[in-house]
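As a plain string of letters, each chain reads:
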Amino acid sequence: MIVYIAITSIMLLLLALIRRVELAGEGGVRPYSRGESAVRLVLVILFFVMVIPEALRVNVGNDYMKYVEFMHLTTVKGAYLVTEPGFNGLVRLIYGLCGYENYLLVFAIFAAGTAAMSIIGTRLQAPDFAFSFFLFLMFGYYLQSYNTVRYYFALAAILIALYFFTRREWIPFVCLVLFAACFHKSALVVLALWPLCLLPWNLVMTGAAAALGLAVNLPALRGLWMDVLVRLYPSYENTVFIGQVRLSFVNIARCAAVLLLALYDLRVRGVRKKDLPAVEQFYFNATLLALGIYVFGSFVPEVSRIAYYLTVTQIFYLPVLVLRGRKELRVLTVCAAVLYFAAFLWKAGSPDIRILPYQTIVFHDLPRILSEVTQ
C-alpha cells in the first residue's frame, strides 16, 4: 500500500504544480508560452510516474496470470480465444517482433497507452485539469487499470471519444469507439447509452425507465437477459457471476451524491435543468442512467463495466458544480474523494481486486501459467 500512496502523492504534487502554473496564467496559459511548456513537461513526468510502476509489476491484479495465459493462447494454432481482435493482433505483433512471448512488454504497452489516453482525454475537455485528474485518481480509475488491462485501455480511449461526442463530431467519435471495441467490446455500449443521455429526460420519462427496470428484474425476463449476456460473453457461462445479485452500494451512493449536488446547484442558482448547457444536461443524465443501471442491473455480471462508461463523466461534471459553489463545498468534495480512495485502497488486497501486495519484476519471479502447469 505504501507504494500506491507514494505514487499517488507524487502525482498529486504534479497536479498542484500544473494548477499553480495555470492560475498564474490568469485563467489559462497561452499556447507556446513558458507556462504552457512547463505544463507539458509536468504532464510528461506525470505520464512516466503512472506507467513505470504499472509496467514493472508482476503477478499484480486478480487477472494478471489469466492475461498471460490469454497472450500465450494467441500463439497457439486453433486455440479458442475469448479476447478481441485488437488485443490478439497486438500481442502477436509484439511476440513476433521479440521472437518470444514477451508478455512484460505487452503489459508495459497497455500501461503506456492507457496512461497517455487518460491524460489526453482529460486535458482536452476538463474545465480544470488538475481537479478532474485528481478525481480520476481518487475514484480509482488509475489503480484499477492494474486489472482488466483491455477494459481500462478501452475506457481511456472512450475518454477521448467523449470529447468528440460532446461536440457532435460523429466521425472521430465513432472511429474511437470502434477502436476501443477492438480491445474490449463493452465499449460499444456507449453508442446506445450516450445518445440516451442527450434526450430531455423529465419525471415522466424517468418514472417510465424505472418501471422498465423493475420489469427487467422479473424472474422470467432476468433469465432471458442472462442468456443474452452468456452469448455475448461465453466466459461467464457456468461461473459464479451468473445469477449473482450484488448491489454496489458505494457506486450507488456516489451517483446519488452527485445528483443531489447537481439539484442543490440548480436550486441555489434558480435555474431549471432544461436551461442548462447541453453538456451539463448530458453529464446529469449520464449519472442518472448510471444510478438506474446500478440499482436495476445488479444481476448483470460485473455491471460496473457498463456503468463506468457513464460515471467517468463525473470527473468533468463535479468540477463544473463545485468550482462555481462556495469554498466549503470544494473542501467537502475533496475530502469525500480522498475517503473514497482510502476505501478503495483498504480493499485493494481482496481476491476480486488483488493489486496488493505490489510485486515487481526487479525482485520477484513469475509463477507458471496454466499451460505450463498442465503440460
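Criteria and cut-off values
- Residues numbered from 1 in each chain as written.
- Predicted model: local features only at pLDDT ≥ 70, side-chain atom pairs only at ≥ 80, totals over all residues.
- Heavy atoms only, no water.
- Axes fitted to C-alpha atoms, helices over the stretch in contact; angles between N-to-C directions.
- Helix = DSSP H or I, 4+ residues; strand = E, 2+ residues; numbered from the N terminus.
- Parallel < 35°, antiparallel > 145°, perpendicular 65-115°, else oblique.
- Contact = heavy atoms within 4.5 Å.
- Nonpolar A, V, L, I, M, F, W, Y, C, P; charged D, E, K, R; others polar.
- Buried < 20%, exposed > 50% of the residue type's maximum accessible area, 1.4 Å probe, protein only.
- Lys, Arg positive; Asp, Glu negative; His and termini not counted.
- Salt bridge = Lys/Arg side-chain N within 4 Å of Asp/Glu carboxyl O.
- Core = buried A, V, L, I, M, F, W, Y, C linked by side-chain atoms within 4.5 Å.
- Left-handed = near helix turned anticlockwise from the far one by under 90°.
- Phe/Tyr/Trp six-rings, centres within 6.5 Å; stacked < 30°, edge-to-face > 60°.
- Lys NZ or Arg CZ within 6 Å of the ring centre and 35° of its normal.
- pLDDT = per-residue confidence, 0-100.

## Brief notes about the packing of helix α3 (residues 64–73) against helix α4 (residues 85–98)
Moving on, step 1. Packing of α3 against α4 leaves a shortest axis separation of 9 Å and a crossing angle of 75°. In terms of orientation, α3 and α4 fall into the roughly perpendicular class. Side by side, α3 and α4 meet where Tyr67, Phe70 and Met71 of the first sit next to Phe87, Val91 and Tyr95 of the second.
Moving on, step 2. Partitioned by chemical class, the residues of the contact of α3 with α4 number six nonpolar, no polar and no charged.

## Some thoughts on the side chain of Glu54
Moving on, step 1. Within the secondary structure layout, Glu54 lies in helix α2 (residues 34–55).
Moving on, step 2. An unpaired buried charge is present at Glu54: no salt bridge exists, and Arg57, the closest side chain of opposite charge, is 4.1 Å distant.
Moving on, step 3. Beyond its immediate chain neighbours, meaning those up to four positions away, Glu54 contacts Ala111, Tyr142, Ser145 and Tyr146.

## Considerations on the pattern of salt bridges
Where charged atoms from two side chains of opposite charge come close, those side chains can pair.
Moving on, step 1. The final tally for this structure, using the stated rule, is ten salt bridges.
Moving on, step 2. Of the charged contacts, one joins Arg123 and Glu22 as a salt bridge, the two residues approaching to 2.6 Å between their closest N and O atoms. With a gap of 101 residues between them, Arg123 in helix α5 (residues 103–125) and Glu22 in helix α1 (residues 2–24) connect regions that are remote in the sequence.
Moving on, step 3. Overall, Glu22 belongs to the buried group, its relative accessible area being 18%.
Moving on, step 4. Taking the shortest distance from any N to any O, the salt bridge between Arg150 and Glu84 comes out at 2.8 Å. Of this pair, Arg150 sits in helix α8 (residues 149–166) while Glu84 sits in the loop between α3 and α4, and the two are 66 residues apart along the sequence. For the pair Arg150 and Glu84, one class covers both residues: buried.
Moving on, step 5. Because the salt bridges share partners, they merge into one network encompassing Glu22, Glu36, Arg40 and Arg123.

## A few points about the nonpolar core
Moving on, step 1. One finds Tyr4 and Leu46 to be the most contacted residues of the largest nonpolar core, which totals 118 residues.
Moving on, step 2. Take this core: its biggest share by element is 16 residues, from α8.
Moving on, step 3. Those residues in contact with Tyr4 that sit more than four places away from it in its chain are Val60, Leu143, Tyr146, Leu345, Ile355, Leu356 and Tyr358.

## Quick word on unusual backbone geometry
For residues other than glycine, phi is negative in most cases, and the peptide bonds are mostly trans.
Moving on, step 1. The omega torsion across Leu356 and Pro357 is 0°, close enough to zero to call that bond cis.
Moving on, step 2. Position of Pro357 among the secondary structure elements: in the loop between α17 (327–346) and α18 (370–373).
Moving on, step 3. Even without being a glycine, Asn59 presents a positive backbone phi close to 55°.
Moving on, step 4. Although it is not a glycine, Thr148 sits at a positive phi angle of roughly 45°.
Moving on, step 5. Relative to the helices and strands, Thr148 is located in the loop between α7 (141–144) and α8.

## Points about the packing of helix α13 (residues 249–269) against helix α14 (residues 278–296)
Moving on, step 1. In contact at an axis separation of 9 Å, α13 and α14 are set at 145° when each is read in the N-to-C sense. Considering how the two elements wind past one another, α13 and α14 form a crossing that is left-handed. From α13, Asn251, Ile252, Cys255, Val258, Leu259, Ala262, Leu263 and Arg269 reach across to α14, where they touch Glu280, Phe284, Thr287, Leu288, Ala290, Leu291, Tyr294 and Val295.
Moving on, step 2. In terms of residue class, the contact of α13 with α14 is made up of twelve nonpolar, two polar and two charged.

## Quick word on the packing of aromatic side chains
Moving on, step 1. Scanning the entire structure with this criterion turns up 31 aromatic pairs.
Moving on, step 2. Centroid distance Phe165 to Phe173: 5.0 Å. Interplanar angle 55°. Geometry classified as tilted.
Moving on, step 3. What makes Phe173 buried here is its relative accessible area of 4%.
Moving on, step 4. An angle of 55° between the planes, with centres 5.3 Å apart, marks the rings of Phe165 and Trp194 as tilted. One end of the pair, Phe165, is in helix α8; the other, Trp194, is in helix α10 (residues 190–197), and 29 residues separate them in sequence.
Moving on, step 5. Judged by relative accessible area, which is 0%, Trp194 ranks as buried.
Moving on, step 6. When the ring centre of Phe129 is taken as origin, the NZ or CZ atom of Arg123, which lies over that ring, is 5.8 Å away.
Moving on, step 7. Here the basic side chain of Arg254 rests over the ring of Phe139, its NZ or CZ set 3.9 Å away from the ring centre.

## Thoughts on the confidence of the model for the chain
Moving on, step 1. Here the chain averages 89 in pLDDT, while 89% of its residues score no lower than 70.
Moving on, step 2. Element-level pLDDT for the chain is lowest in α18, with a mean of 48, against a maximum mean of 98 in helix α9 (residues 170–181).
Moving on, step 3. Below pLDDT 50 for its whole length, residues 370–375 participates in four contacts with residues either more than four positions away or in separate chains.

## Some thoughts on the environment of Lys273
Moving on, step 1. Note on placement: Lys273 falls in the loop between α13 and α14.
Moving on, step 2. Here the alpha-carbon distance between Lys273 and Asn202, two residues 71 residues apart in the chain, equals 9.3 Å.
Moving on, step 3. Sequence-distant contacts of Lys273, defined by excluding residues within four places in its chain, comprise Trp201, Leu266, Gln281, Phe284 and Asn285.

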